[in-house]
Amino acid sequence: MISKSDNAVPVIIAGAGPTGLTLATELRRGGVDVLLLDRQPRRGMDGSRAAGLQPRTIELLDQRGVADRFLAVGSPSNLPNFAGIKLDYALLSTRFPALNILQAETEQILDELATELGAPVRWATAVTAVHQNADGVEVTVEGPDGTETLSGSYLVGCDGGRSTVRKLLGVGFPGTDATMVNLLGDVELDDPPRRPVQLERHEAGLISVLQIRPGWYRIIATQRERQVDPRDPVTFEEMRASVEKIAGTDFGMHSARWLSSFTDATRQAESYRVGRVLLAGDAAHIHLPVGGQGLNMGIQNAFNLGWKLAAVLRGEAPDELLDTYHDERHATDGDVLKMIRAQSVLVSADPKAADLAEVMARLVGLDEVNHYLGNIQSGLDVRYPMPGTHPLLGRRVPDADISTPSGDKRIFELLRAAKPVLLDLSGSAHLADAVAGWADRIDAVAADCPSQAWEVPGVGTIPTPAAVLIRPDGYVAWASDPEPDPIALHDALNTWCGPTSNRP
């Protein structure tokens, strides 16, 4: 039996990056205590890394009422792309653009939110062993005070691509090996190019030069292999020489703020759940960071898992609800990884890829193709498997304008409390009575929707439904059009909100 001690906490999260922090905030909103562990001595030790948020990620943050914090720091990005081929997100059905914001800035805001919500971080603390049984988990850690054992109900590994938690669990990490290497440098340039350079192809490789902030540029040099040991850290001289070899100039680079390398190796954990231990973010999947997917996938993992784990720990939902985290996110992440592998062919240093990239650029010039790829890259087209035939099932609810007894709102504003929402647009006012047994678990809202049609990414325009049950992560679990079906609604409530003995 897992012993209980003063070091017990319901959820232990290994990794205090964007995924771990987002998960912590979601659990705290659900009333669950958490403890974040991170092996780094402090925040901001590993560079700026990712540099953007996709529209769906910003929508998720908006559902909790915190998107403005990120929008105030970042700026609209003009760099949505598919393998460097520009995409026009203006065609997409969302209120938000892609956002140019550095990972360090994203983490800082998430850290502030976690602190406000009461989610502590223990730095310089590395997980060294994990044991679990039917009652809980024990996590052995090495930290400033030496070796100690923490106990909890669940452990979530958000500890990166080299995840210790994943390795300790023995979870398989199959995928494809690297075929290229990319050297990355955040530097200052005395002679920058006059326009953004994104995946520009040269005989010796590809070069990208993108302005991150005034006077500060990110350069990425793509080549077949490194001339030094792949395990060696990138030096400024190696970076400068690689850029000059590919582009014929080093652009007067100096004052490097961060140097790193990455490959196109693509891998996905075979399972996102092993008993009471779960994986999220880079611990569950690694890939070429093309198209701005990695950080966004991790945050979306956290939004999918957080409310489910909180519901289970509150005793409202059965443990089996956590299986849907693997079922939904493993399949969705797998689809994203396929798209990333396709892009890796286009951005290969192999000269033969140039012809394919030229053909693809012509196709993306067609509105239909741009729309299709834009919905995928932005995260708006995600659909989780749900029983039923309504086109909204499993898709994110549109952020339509509605009128409620408390005033005009957007649908996303109804999700601030991180609870399921039953939105009744039928005008019948009977649904609240039909779900009285779940009254303490859901918010029932009767409203009018001025729009007679909703635009649904991946589907098109559909008639505004009579009613929808919206999960805390913003995905539709039940929809009715035109006359609500209370039996199907009860089935959905049992599945996503847990059974109730007081069901009418």
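Read on for a plain summary of the structure. Since the structure is predicted, the reported quantities are computational estimates derived from the model, not experimental observations.

**Observations concerning the overall build of the protein**
Right, on to step 1. Helix and strand counts for the protein come out as 12 helices and 28 strands.
Right, on to step 2. Against the 2.2 N^0.38 benchmark of 23 Å for 504 residues, the protein shows a C-alpha radius of gyration of 24 Å, consistent with a compact globule.
Right, on to step 3. By the burial criterion, 54% of the 504 residues in the protein qualify as buried.
Right, on to step 4. In the protein, the share of contacts with a sequence separation of at least 24, taken over all contacts with a separation of at least 6, comes to 70%.
Right, on to step 5. Working note: accessible area of the protein is about 21000 Å², and carbon and sulfur atoms make up 51% of it.
Right, on to step 6. Computed over 47 positive and 66 negative side-chain charges, the separation of the two mean positions in the protein equals 2 Å.

**Remarks on helix 2 (residues 55-63)**
Residues spaced three or four apart along an α-helix point in a common direction, a consequence of the helix completing one turn every 3.6 residues.
Right, on to step 1. The buried fraction of helix 2 is high, at nine of nine residues.
Right, on to step 2. Listed in full, the buried residues belonging to helix 2 are P55, R56, T57, I58, E59, L60, L61, D62 and Q63.
Right, on to step 3. Turning to helix 2, the residues buried within the fold contact helix 3 (67-73), strand 6 (99-100), helix 7 (294-313), helix 10 (367-378) and strand 22 (407-410).
Right, on to step 4. Phi turns positive, to about 80 degrees, at G65, one or two residues after helix 2.

**Points about the sheet that holds strand 24 (residues 443-446)**
Right, on to step 1. Read across the sheet, four strands follow the order 24-23-27-28 without closing on themselves; strand pairing throughout is mixed. One side of each edge strand has no neighbouring strand; the edge strands of this open sheet are strand 24 and strand 28 (476-480). With strand direction ignored, the average angle separating the axes of adjacent strands in the sheet is 10 degrees.
Right, on to step 2. Both strand 23 (residues 421-424) and strand 24 contribute to a ladder of four bridges, which runs parallel. Paired with L423 across the strands is V445, a residue of strand 24.
Right, on to step 3. Each of strand 23, strand 27 (467-470) and strand 28 is contacted by helix 12 (residues 486-497), which is oriented at about 175 degrees to strand 28, the strand it contacts most.

**Some thoughts on the packing of aromatic side chains**
Right, on to step 1. Here the structure, examined in full by the defined rule, presents three aromatic pairs.
Right, on to step 2. Here Y272 and Y325 contribute two aromatic rings whose centre-to-centre distance is 5.8 Å and whose plane-to-plane angle is 45 degrees, an arrangement assigned as tilted. Residue Y272 is located in the loop between strand 17 (266-268) and strand 18 (273-274), and its partner Y325 is located in helix 8 (residues 323-346); the two are separated by 53 residues in the primary sequence. Of the two residues examined, Y272 and Y325, each falls in the buried class.

**Quick notes on the packing of helix 1 (residues 18-29) against helix 4 (residues 103-117)**
Right, on to step 1. Axis separation between helix 1 and helix 4 bottoms out at 9 Å; the angle between their running directions is 25 degrees. What the angle tells us is that helix 1 and helix 4 run roughly parallel. By crossing handedness, the relation of helix 1 to helix 4 is classed as left-handed. Contact residues: P18, L21, T22, T25, R28 and R29 in helix 1; Q103, E107, L110, D111, L113, A114 and L117 in helix 4.
Right, on to step 2. Taken together, the residues of the contact of helix 1 with helix 4 break down into six nonpolar, three polar and four charged.

**A word on the sheet that holds strand 11 (residues 175-176)**
Right, on to step 1. Taken in spatial order, the three strands of this open sheet run 11-17-20, and their pairing is antiparallel. At either margin of the open sheet sits one strand with a lone partner, and together these are strand 11 and strand 20 (285-286).
Right, on to step 2. Relative to strand 17, strand 11 is paired through two bridges, and the arrangement is antiparallel. Pairing of G175 across the sheet is with R267, part of strand 17.
Right, on to step 3. Sheet contacts for helix 8: strand 11, strand 17 and strand 20; angle to strand 17, the most-contacted strand, approximately 175 degrees.

**Observations regarding the packing of helix 2 against helix 7**
Right, on to step 1. As a packed pair, helix 2 and helix 7 sit with axes 9 Å apart at the nearest point and diverge in direction by 35 degrees. Note on packing geometry: the crossing formed by helix 2 with helix 7 is left-handed. Contacts from R56, T57, L60 and L61 in helix 2 reach N296, I299, Q300 and F303 in helix 7.
Right, on to step 2. Class assignment for the residues of the contact of helix 2 with helix 7 results in four nonpolar, three polar and one charged.

**Remarks on the nonpolar core**
Right, on to step 1. Within the largest apolar cluster, 84 residues are counted, with the highest numbers of intra-cluster contacts made by I13, L27, L53, F70, L155 and V156.
Right, on to step 2. With 10 residues, the top contributor of residues to this core is helix 7.
Right, on to step 3. In contact with I13, not counting residues within four places along its chain, are G20, L23, A24, L27, V34, L35, L36, L37, V156 and C158.

**Structural notes on the environment of E26**
Right, on to step 1. With respect to the helices, strands and loops of the structure, E26 is situated in helix 1.
Right, on to step 2. For the pair formed by E26 and P472, sequence separation is 446 residues and the distance between their alpha carbons is 9.8 Å.
Right, on to step 3. Sequence-distant contacts of E26, that is, excluding residues within four places in its chain, are made with R64, A302, F303 and G306.
Right, on to step 4. Within the structure, E26 has its side chain in polar contact with the side chain of R64 (distance 2.9 Å).

**Comments concerning the pairing of strand 28**
Right, on to step 1. Within strand 28, five of the five residues are buried, which leaves it mostly tucked inside the rest of the structure.
Right, on to step 2. Inspection of the sheet shows strand 27 paired to strand 28 by four bridges, in the antiparallel sense. The residue bridging V468 from the neighbouring strand is A479, located in strand 28.

Analysis parameters
- Residues numbered from 1 in each chain as written.
- Predicted model: local features only at pLDDT ≥ 70, side-chain atom pairs only at ≥ 80, totals over all residues.
- Heavy atoms only, no water.
- Helix = DSSP H or I, 4+ residues; strand = E, 2+ residues; numbered from the N terminus.
- Rg over C-alpha atoms; globule rule 2.2 N^0.38 Å.
- Buried < 20%, exposed > 50% of the residue type's maximum accessible area, 1.4 Å probe, protein only.
- Contact = heavy atoms within 4.5 Å.
- Areas by Shrake-Rupley, 256 points an atom, 1.4 Å probe, with all protein chains shown as cover.
- Lys, Arg positive; Asp, Glu negative; His and termini not counted.
- Charge placed at Lys NZ, Arg CZ, Asp CG, Glu CD.
- Pairing = 2+ DSSP bridges.
- Axes fitted to C-alpha atoms, helices over the stretch in contact; angles between N-to-C directions.
- Phe/Tyr/Trp six-rings, centres within 6.5 Å; stacked < 30°, edge-to-face > 60°.
- Parallel < 35°, antiparallel > 145°, perpendicular 65-115°, else oblique.
- Left-handed = near helix turned anticlockwise from the far one by under 90°.
- Nonpolar A, V, L, I, M, F, W, Y, C, P; charged D, E, K, R; others polar.
- Core = buried A, V, L, I, M, F, W, Y, C linked by side-chain atoms within 4.5 Å.
- Polar contact = N/O pair within 3.5 Å; in protein donor to acceptor, adjacent residues only side chain to side chain.

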